[in-house]
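Secondary and tertiary structure notes
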Amino acid sequence: MQLLEFQAKELFREYGINLLDSMSSTNIEEGRKHAKELGYPFVIKIQVPVGGRGKAGGIQKCQNDDEFELKYPQVMDLTIKGEKARAILLEKMADIKKELYLSLFLNRSKRCYTIIASVEGGVEIESVKNQIIKEIGLGEVSDELAKEVAKEMELEGKTADGFIDTLKKLSKLTIEKEAELVEINPLAIMQDNSIVALDGKFVTDDNSNFRHDELQKYQEKTEIEERAEKSGFSLVELDGNIAVVGNGAGLVMATLDMLSDNGGKPACFLDVGGGATTESVYEALTLISELDRVKGILVNLYGGIVKTTVVAEAFLKAYENNLIDLPVFSRLKGTESEKATEMLKGSRTKIFTTVEDAINAAVMGVKN
Amino acid sequence: MTDIFELLKGSPGDSDYEKKGVIVQGITGAYGSLHASNMISYGTNVVAGVTPGKGGQKFDDTVPIYNTMHEAVDATSAKISIMFVPAKFFLGAAKEAINAGIKLLVAIPEHVPIRDTMEALELAKQKGAVIIGPNTPGIMIPELIKIGIMPSMPFKAGRIAVLSKSGTLLYEISDALTNAGFGQSITIGIGGDPVNGTRLIDAFEMVKDIPNLEGMVVVGEIGGDSEEILAQQIMDSGFNKPTVAYIAGRAAPKEKRMGHAGAIVMGTYGSAESKVSMFNKANIPVAKRPTEVPVLLAGKMEKSD
């Protein structure tokens, strides 16, 4: 899960990392109160769990009431990379001398936490120059190492002290919360040489959620995602019109790719898990039936151990209960597939021997 | 480097040659018992099961169950275990297995916290053990030994090594290979987690010197940079067996986790483009569809003849 900026900053504040005054709101009335409390000038920042906000116009300077009344609703209405605003953060304007970059992330190939720091921050990580990279194992950053990084960045005096302090606090936070990535970009050197985190990105390891009740309040799931999770599914909503269902994340991704290659637009990614049962496939169909944009369902199951007849039963039950009236294009590989095909004869589920055929039929089917 | 064939098969002359003992951790659970039975049917020599509190009982009237890994290893001298426990018990079970002397641990559970995987790996390193997974379908030498949850049907003995991050794609692509006449010498499920006990490069090291190896298939997916590192390693090592790759997730949106904990693109880190371009640089063709893999492999073989 990627936290919103204001949520990441709540954690930063808890760990004593320097921040500017800021307040988050979800409507303009609330925002007006915050504007009064903070005082102009401030920055209006959209809260979405994706990057690239600045470029998309999601960060706007605000000097007075007129600007506020104009810009707050504008920013609130933005959709960035398919994500609508979850909140608006008002943050005091800063008098910045220089923008640095600092992150700690879980290095997947090296299997340890790694620091990336640079004196040239404020741009996306791919464009950050002169990166200083340090692998740090599984423990917190030591005093010596933090000093070494500051030295390599050629920071001095109060700035160096502030940086060292921030790095150590950030590392404590990262380790204690088992984050996959924590990034401050930009980390600013202010006119008075103090160090302040201007932005915050925080990605959790969701598999460690059971140890972190304190992070649960940040979970932002749609009702449908929550139900999918309860059933042990992985669901990612997409904006097309063909729902893609399969067993196994790799197989469903491969099906999305092939569908897109053939001009189809996926409405969702739904992995029912390695196995598939009558119940799980029925529940998957129930979830999909509630997505309005769906015009057809593409099912790609590789049932190695699963009998395909078990899956066919789910389709039949779904029709019997009037759960779905959408066409289903299905490729069921596995044991008893002939029997499954026989069972589904005359129903709205069309069975294909290859996934390519099922995809072509689905793309044609939703067009008509 | 671990000699994976020595672990899985042994050497001619060993009393347990081609029937290495395997212990099943969590053998009495629904999942564990189903797959223990499937492995036994496949010919895997399952010598013991472990379920705390069920010591003294027998699985399927034949396989003795022990309360702890120490007891099971003492009684059987097995060096291999496969684990079916809930993710939150992975670390405890992994430590118990490795401390008991297990040298190859196949970890099936999905949703293991990354930190637990990393801790288990530190211990494995100290003790000279190999972890495959977590979140893996397992490892097999077709028609000889299966330590995992994969169905038997797609696989056939042969001379192609298949390394895969995904379970169902491993089945799908092995199936396509088998149908095209390409049997498999070994298949290794890497797992779909961000941190893998055996990374793609580790698996490559395990298979690259197999005598009579005729080719290699790499099934990758978005997330991380293990495919890129593998492509570099293939170039650096001068490995010249025909190799084909497949990468899932080209159409996936950025910054969304696509089912597997590890399948997420952050910026350009983990993108399909980055992986495909590295494989291309290493002169490894990347299939657009699973069924294209055997076609490309046959093409590479023709060229190398």
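The shown structure was predicted, so the numbers you read here are calculated from the model rather than taken from an experiment.

Turning to the overall build of chain B, a few remarks are in order. The secondary structure content of chain B amounts to ten helices and 14 strands. A compact globule built from 305 residues would reach a C-alpha radius of gyration of about 19 Å, and chain B, at 19 Å, matches this within 12%. Looking at chain B as a whole, 58% of its 305 residues are labelled buried. In chain B, of all internal contacts separated by at least 6 residues, the share reaching a separation of at least 24 is 69%.

Scanning chain A from N- to C-terminus turns up eleven helices and 18 strands. For chain A, the residues scored as buried account for 45% of the 368 residues in total.

Residues and elements named next belong to chain B. Partitioning chain B into structural domains gives domain 1 (4-132) and domain 2 (153-304). When each unit is reduced to the centre of its C-alpha atoms, the spacing between domain 1 and domain 2 is 26 Å. Opposite the ten residues of domain 1 that make contact, domain 2 presents eight residues. Per element, the largest residue contribution to the side of domain 1 that touches domain 2 is four residues, and it comes from helix α5 (residues 114-127). Counted by class, the side of domain 1 that touches domain 2 contains nine nonpolar, one polar and no charged residues.

Next up on the list: the confidence of the model for chain A. Chain-level pLDDT for chain A is 92 on average; 99% of the residues reach the 70-or-more range. At the level of individual helices and strands, chain A shows its lowest average pLDDT in strand β16 (residues 296-307) of chain A, which scores 84, and its highest in strand β11 (residues 195-197) of chain A, which scores 98.

Strand pairing within a sheet occurs via backbone hydrogen bonds; the two strands may be parallel or antiparallel. All names here are of chain A. Pairing within the open sheet is antiparallel, and its four strands lie in the order β1-β6-β2-β3. Strand pairing shows two members of the sheet lacking a second neighbour, β1 (22-25) and β3 (59-62), which therefore form its edges. For this sheet, the mean angle separating the axes of adjacent strands, direction not counted, is 20°. Across the sheet, helix α3 (residues 65-76) touches β2 (42-47), β3 and β6 (87-92), and the angle it forms with β3 is around 170°.

A few words now on the sheet that holds strand β3 (residues 58-59) of chain B. All names here are of chain B. One open sheet accounts for seven strands, arranged β3-β4-β2-β1-β5-β6-β7; its pairing is mixed. At either end of the open sheet lies a strand with only one pairing partner, and these are β3 and β7 (130-132). Relative to strand β5 (residues 80-83), strand β1 (residues 21-25) runs parallel, the two being bridged by four bridges. Counterpart to Val24 in the pairing with β5 is Ile82.

Before going further, it helps to examine the packing of helix α7 (residues 249-261) of chain A against helix α6 (residues 167-179) of chain B. It is at 5 Å that the axes of α7(A) and α6(B) come closest, and there the two elements cross at 70°. Taken together, the axes of α7(A) and α6(B) lie roughly perpendicular to each other. Contacts from A:Gly250, A:Leu251 and A:Ala254 in α7(A) reach B:Gly167, B:Thr168, B:Leu169 and B:Glu172 in α6(B). The residue makeup of the contact of α7(A) with α6(B), split by class, is three nonpolar, three polar and one charged.

Facing the 38 residues of chain A at the interface are 47 residues of chain B. Among the secondary structure elements, those contributing two or more residues to the side of chain A that touches chain B are β13 (234-237), α7, β15 (266-271) and β16 of chain A. Top element by residues in the side of chain A that touches chain B is α7(A). It accounts for eleven residues. Looking at the side of chain A that touches chain B, its residues break down into 17 nonpolar, eleven polar and ten charged.

The subject of this paragraph is the domain arrangement of chain A. Size of an interface, as often reported, equals the accessible area lost when the parts are brought together. Looking at the assigned domains, one finds that chain A contains domain 1 (21-92), domain 2 (96-216) and domain 3 (223-367). On a C-alpha basis, the centres of domain 1 of chain A and domain 2 of chain A stand 25 Å from each other.

All right, on to the pairing of strand β10 (residues 157-164) of chain B then. In terms of burial, β10(B) is a largely internal element, six of the eight residues being buried. The β-α-β motif built from β10(B), the intervening α6(B) and the parallel element strand β11 (residues 184-189) of chain B has right-handed crossover chirality.

Residue and element names in this part refer to chain B. For Val46, the position within the fold is in strand β2 (residues 45-50). Expressed as a C-alpha distance, the spacing of Val46 and Ile23, which sit 23 residues apart in the sequence, is 6.0 Å. Beyond its immediate sequence surroundings of up to four residues, Val46 is in contact with Val22, Val24, Ala36, Met39, Ile40 and Val63.

It is worth spelling out the environment of B:Val286 at this point. Residue and element names in this part refer to chain B. In this structure, Val286 sits in strand β14 (residues 286-287). We classify Val286 as buried; it has 22 C-beta atoms within 10 Å. Sequence separation of Val286 and Val218 is 68 residues, and the distance between their C-alpha atoms is 9.2 Å. If we skip the residues at most four places from it in the chain, Val286 touches Ala245, Tyr246, Ile247, Val276, Phe279 and Asn280.

Residue and element names in this part refer to chain B. Within the element layout of this structure, Val63 appears in strand β4 (residues 63-66). With 18 C-beta atoms counted inside 10 Å, the residue Val63 sits in the partly exposed group. Once the C-alpha coordinates of Val63 and Ser174 are considered, the two residues, 111 residues apart in sequence, prove to be 31 Å apart. In this structure Val63 touches Val46, Ala48, Gly49 and Lys58, once residues within four positions along its chain are discounted.

Let's shift gears to the pairing of strand β12 (residues 215-221) of chain B. All names here are of chain B. Among the seven residues that make up β12, seven are buried, leaving the element largely enclosed by the rest of the structure. The alternating pattern of β12 places Gly215, Val217, Val219 and Glu221 on one face and Met216, Val218 and Gly220 on the opposite face, and all of these are buried. Where β10 lies against β12, five bridges are found, and the strand directions are parallel. If you follow Ser164 over to β12, its bridge partner there is Val219. As paired elements, β12 and strand β13 (residues 243-248) share six bridges and run parallel to each other. By the bridge assignment, Val218 is partnered in β13 with Ala245. Handedness of the crossover is the feature at issue here: the chain leaves β12, passes through helix α8 (residues 226-237), returns alongside β13, and the resulting connection is right-handed.

Core analysis: the largest hydrophobic core is formed by 152 residues, its most contacted members being A:Val244, A:Leu270, A:Leu298, B:Leu105 and B:Val217. Take this core: its biggest share by element is eight residues, from α7(A). Every residue in contact with B:Val217, bar those within four places of it in the chain, is listed here: B:Ile160, B:Val162, B:Ile173, B:Leu177, B:Val244, B:Val293 and B:Leu297. With 52 residues, the next largest nonpolar core counts A:Ile44, A:Ala117, A:Phe202 and A:Val203 among its residues.

Right, let's get into the confidence of the model for chain B. Chain-level statistics for chain B give a pLDDT mean of 95 and a share of 99% at 70 or above. Per the prediction output, this complex has pTM 0.93; the corresponding ipTM is 0.95.

What counts as what
- Residues numbered from 1 in each chain as written.
- Chains lettered and ligands numbered in written order.
- Predicted model: local features only at pLDDT ≥ 70, side-chain atom pairs only at ≥ 80, totals over all residues.
- Helix = DSSP H or I, 4+ residues; strand = E, 2+ residues; numbered from the N terminus.
- Rg over C-alpha atoms; globule rule 2.2 N^0.38 Å.
- Buried ≥ 20, exposed ≤ 12 C-beta atoms within 10 Å, placed from the backbone.
- Contact = placed C-beta atoms within 7 Å.
- Domains from an automatic or database assignment.
- Nonpolar A, V, L, I, M, F, W, Y, C, P; charged D, E, K, R; others polar.
- pLDDT = per-residue confidence, 0-100.
- Pairing = 2+ DSSP bridges.
- Axes fitted to C-alpha atoms, helices over the stretch in contact; angles between N-to-C directions.
- Parallel < 35°, antiparallel > 145°, perpendicular 65-115°, else oblique.
- Right-handed = clockwise from strand over helix to strand, strands pointing away.
- Core = buried A, V, L, I, M, F, W, Y, C linked by C-beta atoms within 7 Å.

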